[in-house]
Amino acid sequence: MTETPTTGTVALSLSDFMALIPRWQYMSDRSKAIVKNTAGTAVVLLIGVVLLRAFLGWIVLAVIIWAGWKYLNRK
C-alpha cells in the first residue's frame, strides 16, 4: 500500500481535469451544432433571468398601475 503525502501542495496540470466535452473532436457536425445552440440558448436565458430579476419590481408596479387604470376606466 502506498501512502499519499498529507502536507505540501498538489501540482495539477490541465490534462488532469476532464474536458467539458471530452469527445468534441469525434462528434458529428450536427451534434456540435446542437450543443452550440443549447449553450447559446442557456446563455440567453441566463441573461434574461438576470434582467428580469433586476426589473421585477418595476414590472410588478407597471402591471398594478395598468390594472388600476383599466379598472378605473371601465364603463
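See the structure printed just above.
Rules used throughout
- Residues numbered from 1 in each chain as written.
- Predicted model: local features only at pLDDT ≥ 70, side-chain atom pairs only at ≥ 80, totals over all residues.
- Heavy atoms only, no water.
- Helix = DSSP H or I, 4+ residues; strand = E, 2+ residues; numbered from the N terminus.
- Buried < 20%, exposed > 50% of the residue type's maximum accessible area, 1.4 Å probe, protein only.
- Areas by Shrake-Rupley, 256 points an atom, 1.4 Å probe, with all protein chains shown as cover.
- Lys, Arg positive; Asp, Glu negative; His and termini not counted.
- Salt bridge = Lys/Arg side-chain N within 4 Å of Asp/Glu carboxyl O.
- Contact = heavy atoms within 4.5 Å.

1. A few points about the overall build of the protein chain
- A count of helices and strands for the protein chain gives 1 helix and 0 strands.
- Within the protein chain, the proportion of its 75 residues that are buried is 1%.
- Here the protein chain displays about 7800 Å² of accessible surface, and carbon together with sulfur accounts for 68% of that area.

2. Structural notes on the side chain of Lys 32
- Following the sequence through the fold, Lys 32 ends up in helix α1 (residues 29-72).
- No salt bridge is formed by the buried Lys 32; its nearest oppositely charged neighbour, Asp 29, is found at 4.8 Å.
- Contacts of Lys 32, omitting those with residues within four sequence positions, involve Trp 24 and Met 27.

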